[in-house]
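Here's the letter readout for the chains.
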Amino acid sequence: MHNLNSALPPSLAKGPVAMNMNSMGEADVFGDEPKISARGVNFYYGSKRALNNISIDFSPRRVTAIIGPSGCGKSTFIRLLNRMNELVPGSRLEGEILLDGLDILSQACDAAELRKRVGMVFQKPNPFPKTVFENVAYGLEVNGFTDKHLIEEKVIDSLKKAALWDEIKDRLNDSALGLSGGQQQRLCIARCLAVSPEVILFDEPCASLDPISTAKIEELILTLKKEYTIVIVTHNMQQAARVSDRTAFFLMGDLIEEGRTDMIFKAPRDKRTEDYITGRFG
Amino acid sequence: MKRRDIVQKLGFSALFACMAANVLFLGGIIFFIAARGLGSINWAFLTQAPRDSMTAGGVAPAIVGTFYLTLGAIIFALPLGVACAIYLTEYSPKGWIVNVLRISINNLAGVPSVVFGLFGLTVFVKYMGFGISIVSGSLTLGILALPVIISASQEALVAVPQSIREASLALGASQWETIRKVVLPAALPGILTGVILSVGRVAGETAPILFTAAAFYVRGYPDSPFSEVMALPYHIYALMTEGTHPEEQTAIAYGSSLLLLGLVLSVSMLAIYIRARQRKTYNA
């Protein structure tokens, strides 16, 4: 196991890493170098501070769930990881976010390049008003793919990976807006997979879906984690418990607690986490 | 019946009366123009040039002239207007300069059309030396169409959901790729609606072409963009003010009016149809 402690700033040393070993004496981190680490991140909308000194690591090929009540900063945080919040006028970010050890906030890192590596699935399904095929091919086209056969192959492959192929293989040239909500969301996942990202960010992906569509997406997330690093924001604690390996609890812009999902739900260390997961507030 | 029910009935009746008055005006215009103009319209009227000191024959050169002027105006105003709308909605930093720009564009829509005509005369006809020609008239009409095209395009662009812009950016597309491949195609029906509405407006304008393009009578059809042309609205104006044989010419003027009205109304219907189709695509 790597000794992470020595490499980390003091702010993090009293965070999750200090609790490397849980009560059962087993390692609490997964032993790989973190895929993404945020160090001392502060984020401001104008003069309003939305995130306070967040430090957290995301392990490769694991699902990390971010939970917390509305307005706790969980969506704000996940949108920093692919620099989507840059688009908000008057916003400001302090701290470091490293992807494979490289600072994604530095001048050297191009936002478009970053977003190819760190894909995102949004709260409401947002397919383009184009055909199913064009939706998935879009990311390939803007990333310089011109070979029609290769594009077709990748589109089919992505639709299969997103568990959508069997349902829509005869409707590739129909408008994506004619699909059901759940199908649209899986189409958005396929669209994201097509550009071969390394990390996939899910921002409350099931918020507008029915239970059956939600179950399909959750199943899909569990399959995808074999290949991708996944971060999922959810307001649904059962969902976090079902799909994630690790869980982080945010409250009013602070990261209260982060650890193995079973530990967070069975034996939270912080009183506020316990109150939230037992439904005393939120 | 309770008092408030009576008040409600009266209120609705008043609203209905106002609506009916509107329909009545439109119906009245169409009815009177049709009643006086329908008699002159026949195949020869649509395909022949005027004859016998404008007392007989058709208005074909005026139809052709109006077509060229309108086409020229749209070719000039469409790219300029759409580019301006893209800058204002997608790129421009929010601030007072942009607000001033927006207000200026809205004010442009309020400038009387005869003022555009004088502007065209000074700048295009005289200063740039295009003379009284299709080019000068088209440019003048184009400026007149700009505010309509800009505001329709802005509305269409703003109506494209932010979520699909984000989807495109999140896939690694640049802002320009996002605009060109996602936002513009989605906004296209709305932009087209604006274009078609401005076609209706441009085709019917008289004052801007008065000093810049139109002639009372031109032998044959225009052979270059720098030719003077006849145009339907000016033809009507000229027949009614400068005609020497009022009896025959008034009938021709009404026939031309009916033709112009029909053209403009069918163009507007097309705009309504396209907009309805667009709504359907978004709600599918």
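A. A look at the overall build of chain A. When you go through chain A residue by residue, the secondary structure sums to 11 helices and 10 strands. Here chain A, with 282 residues, has 44% of them falling under the buried criterion. Of all intrachain contacts in chain A linking residues separated by at least 6 positions in sequence, the fraction that spans at least 24 positions is 68%.

B. Summary view of the interface of chain A and chain B. On the chain B side, the residues contacting the 23 residues of chain A number 16 residues. When residues in the side of chain A that touches chain B are grouped by element, the largest group, four residues, is from helix α3 (residues 111-117) of chain A. Counted by class, the side of chain A that touches chain B contains 11 nonpolar, seven polar and five charged residues.

C. Representation of helix α7 (residues 162-170) of chain B. Within the sequence span of α7 of chain B, burial applies to R165, A167, S168, L169 and A170 of chain B. If you follow the buried residues of α7 of chain B, they end up packed against α3 and β6 (118-121) of chain A together with α8 (175-204) of chain B. Directly beyond the C-terminal end of α7 of chain B, a positive phi value near 95 degrees is found at G172 of chain B.

D. Structural context of the confidence of the model for chain A. Summary statistics for chain A give a mean pLDDT of 87 and a share of 88% for residues scoring 70 or more. Low pLDDT, under 50, characterises residues 1-29 of chain A; the predicted model gives this stretch 33 contacts beyond four residues in sequence or across chains.

E. Here's a closer look at the pairing of strand β1 (residues 36-45) of chain A. Residues and elements named next belong to chain A. Note: β1 against strand β2 (residues 48-58), seven bridges, orientation antiparallel. In the sheet register, S37 faces β2, and the bridge partner there is D57. Between the end of β1 and the start of β2, which pair antiparallel, lie two residues, with G46 showing a positive phi angle near 60 degrees. As paired strands, β1 and strand β4 (residues 91-99) are joined by eight bridges and run antiparallel to one another. Of the residues in β4, the one forming a bridge with R39 is E96.

F. Local environment of the sheet that holds strand β5 (residues 102-103) of chain A. Pairing is antiparallel across the open sheet formed by four strands, whose spatial order is β2-β1-β4-β5 (chain A). Lying at the two open borders of the sheet, with one neighbouring strand each, are β2 and β5 of chain A.

G. Region of the structure containing the sheet that holds strand β8 (residues 229-233) of chain A. All names here are of chain A. Within the open sheet, the six strands sit side by side as β6-β7-β8-β3-β9-β10. Their pairing is mixed. Looking at the sheet topology across the chains shown, the edges are occupied by β6 and β10 (254-260). Sheet twist, expressed as the average angle between the axes of neighbouring strands with direction ignored, equals 15 degrees. Where β6 lies against strand β7 (residues 199-203), four bridges are found, and the strand directions are parallel. Bridging from a neighbouring strand, V118 pairs with V199 of β7.

H. Geometry of the packing of helix α4 (residues 96-110) of chain B against helix α6 (residues 134-158) of chain B. All names here are of chain B. For the pair α4 and α6, interaxial distance at closest approach is 8 Å and the crossing angle is 130 degrees. Judged on the interaxial angle alone, α6 and α4 are oblique. Like other packed secondary-structure pairs, α4 and α6 cross with a definite hand, here left-handed. Contacts between α4 and α6 involve I105, N106, L108 and A109 from the first element and L146, P147, V148 and I150 from the second. Within the contact of α4 with α6, the residues separate by chemical class into seven nonpolar, one polar and no charged.

I. How the structure looks around the packing of helix α5 (residues 113-127) of chain B against α6 of chain B. All names here are of chain B. In the contact formed by α5 and α6, the axes pass within 9 Å of each other and the chain directions differ by 135 degrees. Looking at the two axes, α5 sits oblique to α6. The crossing of α5 and α6 is right-handed. From α5, S113, F116, G117, G120, F124 and V125 reach across to α6, where they touch S136, L139, T140, I143 and L144. Considering only residue class, the contact of α5 with α6 consists of six nonpolar, five polar and no charged.

Calculation criteria
- Residues numbered from 1 in each chain as written.
- Chains lettered and ligands numbered in written order.
- Predicted model: local features only at pLDDT ≥ 70, side-chain atom pairs only at ≥ 80, totals over all residues.
- Helix = DSSP H or I, 4+ residues; strand = E, 2+ residues; numbered from the N terminus.
- Buried ≥ 20, exposed ≤ 12 C-beta atoms within 10 Å, placed from the backbone.
- Contact = placed C-beta atoms within 7 Å.
- Nonpolar A, V, L, I, M, F, W, Y, C, P; charged D, E, K, R; others polar.
- pLDDT = per-residue confidence, 0-100.
- Pairing = 2+ DSSP bridges.
- Axes fitted to C-alpha atoms, helices over the stretch in contact; angles between N-to-C directions.
- Parallel < 35°, antiparallel > 145°, perpendicular 65-115°, else oblique.
- Left-handed = near helix turned anticlockwise from the far one by under 90°.

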